[in-house]
Structures are given as C-alpha cells and as structure tokens.
Amino acid sequence: MQKKVLSEIAIYFGQIKMPENFEIDREKLCIDILLFNNYNNNFPFSKSWDMLQTYLREHVNLEHGFTLIHKKTSGEIYKPREYSHSLLKLDPIDLRNSPDYVMLYGVNVGKNSCKVFIEYDDNRRKGRSWELPLNDNDFVMFPSTQRYHITANTSEQLNFILTTTYEFI
C-alpha cells in the first residue's frame with residue numbers, strides 16, 4: 001500500500017528570537033503602523049521591518065526549504081474590545097497575483113489579549129477552526145487561502161499587529 005499527500009495546510013508560528021544586540025525595535029514598528037494608517041500609503045521601510053522580514057524569510061528557507069518573496073505589508077491597530085471581521089488575503093478573481101502566505105506579527109499586543117482564529121476545511125469536515133494567542137513578538141504564518149480573524153482585544157491598551165503577505169517559490 002502506498003500513500004501520497006496531495007495537499008497540506010501548514011501553519012507556522014512561534015516567537016521571533018533575534019540574536020542578542022540585534023533586537024527588533026517594536027516601538028519603531030508601532031510608529032510605522034501609525035503612519036501607515038494615518039496617511040494610507042505604502043508601509044514605510046525601516047531597519048526593524050527589514051530585520052523581521054529577513055529573519056522570517058531565512059528561517060523558513062533553512063527549516064522548511066522554501067523561499068518567501070515579500071508582496072505587501074500593512075499594519076492594524078485594535079482598540080480595546082475591537083476585533084476584525086473575517087479576512088481573506090486571497091483574491092479569488094485574480095489568483096495569479098494573489099499571495100501564497102499571510103504572516104501576522106504581534107508588534108505591541110497585551111498579554112493574552114487577542115487570538116488569531118483560522119478557519120479551514122478537512123475534506124468533508126467543513127467549518128473547522130484553530131486558534132492561538134498572539135502576544136508581543138509572536139508570529140503566525142498560514143496559507144492565504146484560509147479565512148481568519150483577530151478576536152476582540154481584551155486589554156485596555158491598543159494592540160498593534162503587522163500583516164505581511166508573501167509569494168513562495
């Protein structure tokens with residue numbers, strides 16, 4: 001008997017563990033998210049953003065054997081008790097130009113104040129979901145074909161979350 005896996009939904013998650021003295025300046029990323037949201041332009045390039053992107057791309061390549069190419073970055077700010085609606089980064093009308101992966105990074109998130117809720121189908125078992133907390137310096141990356149949402153911010157502070165999409169080769 002043989003087995004061939006035709007499809008897989010892989011979710012990558014964990015903490016960004018930078019080398020000592022090379023920490024990501026998350027305060028700078030918060031400022032970048034504020035600028036992005038107030039001026040509605042392209043996400044600004046910064047050393048901290050580049051360090052995060054480089055870390056993630058190199059670790060994915062080294063540990064999982066594929067290369068990520070950055071497509072787009074945005075930042076979201078969630079007020080206390082605010083949550084996102086169901087989100088999908090894939091454009092079903094334009095699959096060719098849609099991203100392959102979505103990465104969420106907790107820039108400044110209250111301890112256990114929100115979760116990422118990812119929806120998926122398991123063959124005929126439809127409407128399944130998986131959730132995990134998103135805290136400071138945590139990331140979660142998953143296929144852009146998956147719907148997701150951020151649960152309500154249960155803290156009294158603003159939650160800053162960076163969203164980046166990638167193409168993979």
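Up top you'll find the structure we're talking about.
Model, not experiment: these values are computed from the prediction. (Residues numbered from 1 in each chain as written. Predicted model: local features only at pLDDT ≥ 70, side-chain atom pairs only at ≥ 80, totals over all residues. Heavy atoms only, no water.)

Student: Quick question: what am I supposed to make of the overall build of the chain here?
Tutor: The helix and strand tally for the chain stands at two helices and eight strands. Counted from the first residue to the last, the chain has its helices and strands arranged as β-α-α-β-β-β-β-β-β-β. For 169 residues, the compact-globule estimate of 2.2 N^0.38 gives 15 Å, and the C-alpha radius of gyration of the chain, at 16 Å, lies within 12% of that figure. Projecting the C-alpha coordinates of the chain onto the three principal axes gives extents of approximately 55 × 35 × 35 Å. Scored against the burial criterion, the 169 residues of the chain give a buried share of 40%. Considering only intrachain contacts with a sequence separation of at least 6, the fraction spanning at least 24 residues in the chain is 82%. Accessible surface for the chain amounts to roughly 10,600 Å². Of this, 50% is attributable to carbon and sulfur atoms. (Helix = DSSP H or I, 4+ residues; strand = E, 2+ residues; numbered from the N terminus. Rg over C-alpha atoms; globule rule 2.2 N^0.38 Å. Buried < 20%, exposed > 50% of the residue type's maximum accessible area, 1.4 Å probe, protein only. Contact = heavy atoms within 4.5 Å. Areas by Shrake-Rupley, 256 points an atom, 1.4 Å probe, with all protein chains shown as cover.)

Student: Is there a simple way to think about helix α2 (residues 47–64) in this case?
Tutor: Residue pairs spaced three or four apart in an α-helix point in one direction, given the helix's 3.6 residues per turn. The terminal C-alpha atoms of α2 lie 25 Å apart, and with 18 residues this matches the ideal 26 Å at 1.5 Å per residue to within 8%. Among the structural elements, β1 (12–15), α1 (26–39), β2 (68–78), β3 (101–108), β6 (138–143) and β8 (159–168) are those in contact with the buried residues of α2. Count one or two residues on from α2 and you reach G65, which has phi positive near 80°. (Expected span 1.5 Å × (residues − 1).)

Student: Mind showing me how you'd approach the sheet that holds strand β4 (residues 115–122) here?
Tutor: Within a sheet, adjacent strands bond to each other through the backbone by hydrogen bonds, running parallel or antiparallel. Taken in spatial order, the three strands of this open sheet run β5-β4-β7, and their pairing is antiparallel. Each edge of the sheet is formed by a strand with only one pairing partner; in this case those strands are β5 (125–133) and β7 (148–150). Geometrically, the sheet is characterised by an average inter-axis angle of 20° between neighbouring strands, direction not taken into account. As defined by bridge partners, β4 adjoins β7 across three bridges and the pair is classed as antiparallel. Across the sheet, I118 pairs through a bridge with Y148, a residue of β7. (Pairing = 2+ DSSP bridges. Axes fitted to C-alpha atoms, helices over the stretch in contact; angles between N-to-C directions.)

Student: Looking at this structure, how should I read the sheet that holds β3?
Tutor: One open sheet accounts for five strands, arranged β1-β6-β3-β8-β2; its pairing is antiparallel. Looking along the sheet, the strands with just one partner apiece sit at the ends: β1 and β2. Pairs of neighbouring strands in the sheet enclose a mean axial angle of 15°, with direction left out of account. Contacts from α1 reach β2, β3 and β8, with the element oriented near 80° to β2.

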